[in-house]
Amino acid sequence: MAGCRGSVCCCCRWCCCCGERESRTPEELSLDYDRCINDPYLEVLETMDNKKARRYEAVKWMVVFAIGVCTGLVGLFVDFSVRLFTQLKFGVVQTSVEECSQKGCLALSLLELLGFNLTFVFLASLLVLIEPVAAGSGIPEIKCYLNGVKVPGIVRLRTLLCKVFGVLFSVAGGLFVGKEGPMIHSGAVVGAGLPQFQSISLRKIQLNFPYFRSDRDKRDFVSAGAAAGVAAAFGAPIGGTLFSLEEGSSFWNQGLTWKVLFCSMSAAFTLNFFRSGIQFGSWGSFQLPGLLNFGEFKCSDSDKKCHLWTAMDLGFFVVMGVIGGLLGATFNCLNKRLAKYRMRNVHPKPKLVRVLESLLVSLVTTVVVFVASMVLGECRQLSSASQTGNGSFQLQASSEDVNSTIKTFFCPNDTYNDMATLFFNSQESAILQLFHQDGTFSPITLALFFTLYFLLACWTFGTSVPSGLFVPSLLCGAAFGRLVANILKSYIGLGHIYSGTFALIGAAAFLGGVVRMTISLTVILIESTNEITYGLPIMITLMVAKWTGDFFNKGIYDIHVGLRGVPLLEWETEVEMDKLRASDIMEPNLTYVYPHTRIQSLVSILRTTVHHAFPVVTENRGNEKEFMKGNQLISNNIKFKKSSILTRAGEQRKRGQSMKSYPSSELRNVCDEHVASEEPAEKEDLLQQMLERRYTPYPNLYPDQSPSEDWTMEERFRPLTFHGLVLRSQLVTLLVRGVCYSESQSSASQPRLSYAEMAEDYPRYPDIHDLDLTLLNPRMIVDVTPYMNPSPFTVSPNTHVSQVFNLFRTMGLRHLPVVNAVGEIVGIITRHNLTYEFLQARLRQHYQTL
């Protein structure tokens, strides 16, 4: 954590795919969302007028539009490729099955299907080996990024390419995964990379684009890209905006809402325009809103008694929500156990083992799908497209699609194989079958399909392939809902039950039980069905499913975030946490710099710590006025006065007895009165120790050793007047560019860097360990005052934890100094100090001291 030491600074993180455990400090996992108001930034503000501000805003709107269009084109490529590979695979295999059903060579058909699926899954696994963070849906990682946690490589161009090609191979390979979740990740990568106009993967692409060179701007574009991904996946721009607000972005403002909605609209209509033109040849008709289309739920005009749902059905929907929450909690629990098993037994082994695991999942899935379709299916009567009846729904625009995807394996005319119709189709086609098929599905078939799909989808999610969870959850839940409708109609005799509605509610219940989303998922499903009357039952079902599931565990994305040890901040703290104050959770051991510091000291600090920000302090109150004028050297050469040093020593002995006691003018006077009682030898020894550390203030300091171990209490907790925060990236930039002056010169002779020069290397600033020390004169001095942030957010030691938490999370902070009433910094708070586990530990300590 910034400028702190101690054993609590470490945070262990599991790499999402490779499983290699990395020891990283919370600062290394954090992003700088707070704006640094230093002199270079103020110079930019001085040159800013209304005309430039409007031009900046116009550029931002154009970039947001470009992000939406590019995300829509990515979705178009994924959809076109998946359809092409899936049609090729099923076309060959279905022809083989029809021929071999008479010749008795079904084993050959199985081998053909295995050949296609294993090849596609092998390619997807290879792409994950190239970029490990491309595995999974990417939603947990993007959620962490928008929360302020830096996940290495998550928004790189190489990640986008591996994600896009990997997910189309995963879906085409027959795995029970979806392409909608990875679309959210893909949109976020587009949002992060497009405004930068440069890429580390394509180093030759270096355009001089001076805008948006901060984590703060990138965060907003990533929010827009994630929302555009949802809009492209489901044709739900409003749902995408709400998803980015509910599940993703931790920091929000009104201006961002409009931009995110505009970006979502751009993505949805770009995808709709091209899909409608390519598939129907009707350019500009906008007939296909998203990658996943639920079709239109509509009763037949000839059936006057038909209703999509009635008030009586709400009771069944509540029960389905409870069952969906229980099923979702079970799914999450099993998947968590599998993830832990992979971390212990799969990830530590060579990377080839992960590929073999993916191939094993593909092999088992393919065999189960083939055998279930050939053996376990029942022949059901096929209703004509024009036939209507109680409980039937017409998918007017897609009725031909629904009937064209039925499978008649081993069934006579006018019948279809219900199990093969669900298993031997794409997942989107199977969902449409459950929503809109006029024919019936056997309850046994639905139960077997649900069980097999539930177990295989749970096993698949977490393997080393790009994979989404939305569509598998929807399909699994739709089978559950259709099963409930069949039971109510066939065994209880409720003739008003409408199977399509219950399939939709079942899909919502199971998906809500898995991901625990409410507002955004309600709107996404309403927009996908294009039926506003479903709003109330969907909302009730999702709320009940979430409440039921939350009673047992967290949502699937939060579980995987927790497994990786990421210090994610929730929306708010628990009520009992307000028993703690800032002084209870802060880190009191500080690593700090002086306003004017020698290069050798800066290099020592930067090379022997991993902190990303350092308090800028002074120790002698008599020099504060001179410091503010900028002409007093306060550094390793600080002129110690014996009286002031001994005053601080006596004061800190008092402070060391109680960490909740903070210096005040009264306490300082008391300490002064007791100074004379100390032994002269001790005085001289203390003074000599501090003077010996004049040029080496951090002796014997190693990355894994706390410097405070060698410091006395007086040295560790000396009063430090706080003047601002300076970032590690700023200090390294100053050293690389030779911003310093000699002791014989005035600090005014130090070269000045502009805001553009300071941000030129963003987002990959130079590393101190790559710096050539032979080019630096260790005796030169760096004036950090023009580049520090003199007015960061601060809190008092007595501030309640809930206030600290709200300030830290709402403002997107990375470091929060704790400053007492007389302007002395007494500690610092970072993300690690606000995590649930850390607060719980401190609360237990609080109870023990009562």
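Above this note sits the structure.
Residues numbered from 1 in each chain as written. Predicted model: local features only at pLDDT ≥ 70, side-chain atom pairs only at ≥ 80, totals over all residues. Heavy atoms only, no water.

(A) Expanded view of the overall build of the protein chain. For the protein chain, the count of helices and strands is 31 helices and 10 strands. Buried residues in the protein chain amount to 58% of all 850 residues. A sequence separation of at least 24 residues applies to 79% of the contacts in the protein chain between residues at least 6 apart. Accessible surface computed for the protein chain: about 34500 Å², of which carbon and sulfur atoms make up 59%. (Helix = DSSP H or I, 4+ residues; strand = E, 2+ residues; numbered from the N terminus. Buried < 20%, exposed > 50% of the residue type's maximum accessible area, 1.4 Å probe, protein only. Contact = heavy atoms within 4.5 Å. Areas by Shrake-Rupley, 256 points an atom, 1.4 Å probe, with all protein chains shown as cover.)

(B) Quick peek at the side chain of Lys143. When you line up the elements, Lys143 lands in helix 4 (residues 139-147). Residue Lys143 is classed as buried on the basis of its relative accessible area of 12%. In terms of polar contacts, Lys143 uses its side chain to reach the side chain of Asp558, at 2.5 Å. (Polar contact = N/O pair within 3.5 Å; in protein donor to acceptor, adjacent residues only side chain to side chain.)

(C) How the structure looks around the packing of helix 15 (residues 443-460) against helix 16 (residues 470-490). Relative to each other, helix 15 and helix 16 sit at 155 degrees, their axes nearing to 9 Å. Relative to helix 16, the element helix 15 lies roughly antiparallel. With respect to the hand of their crossing, helix 15 and helix 16 are arranged in left-handed fashion. Seen from helix 15, the contacting residues are Pro443, Leu446, Ala447, Phe449, Phe450, Tyr453, Phe454 and Ala457; seen from helix 16, they are Pro472, Leu475, Cys476, Ala479, Phe480, Arg482, Leu483 and Asn486. Among the residues making up the contact of helix 15 with helix 16, the classes are represented as 14 nonpolar, one polar and one charged. (Axes fitted to C-alpha atoms, helices over the stretch in contact; angles between N-to-C directions. Parallel < 35°, antiparallel > 145°, perpendicular 65-115°, else oblique. Left-handed = near helix turned anticlockwise from the far one by under 90°. Nonpolar A, V, L, I, M, F, W, Y, C, P; charged D, E, K, R; others polar.)

(D) Layout of the environment of Glu112. If you trace the backbone, Glu112 turns up in helix 3 (residues 106-130). Considered as a pair, Glu112 and Val93 are 19 residues apart in the sequence and their alpha carbons are 6.6 Å apart. The residues contacting Glu112, other than those within four sequence positions of it, are Val92, Val93 and Ser96.

(E) Fine view of the pattern of salt bridges. Tallied over the full model, the rule gives 15 salt bridges. Across the salt bridge formed by Arg342 and Glu357, the nearest N and O atoms sit 2.6 Å from each other. With Arg342 in helix 10 (residues 313-345) and Glu357 in helix 11 (residues 351-376), this pair connects stretches of sequence that are 15 residues apart. You'll find Arg342 and Glu357 in the same group, each marked buried. The closest approach of N and O atoms between Lys546 and Asp550, which form a salt bridge, is 3.0 Å. In this pair, Lys546 and Asp550 both sit in helix 19 (residues 535-550), four residues apart, roughly one turn of the helix. (Salt bridge = Lys/Arg side-chain N within 4 Å of Asp/Glu carboxyl O.)

(F) Representation of a positive patch on the surface within the structure. On the surface, Lys51, Lys52, Arg54 and Arg55 cluster together into a patch of positive charge. Note that Arg54 resides in helix 2 (residues 50-103). (Patch = residues over 30% accessible without salt bridge, like charges linked within 9 Å, V, L, I, M, F, W, Y side chains within 5 Å. Lys, Arg positive; Asp, Glu negative; His and termini not counted. Charge placed at Lys NZ, Arg CZ, Asp CG, Glu CD.)

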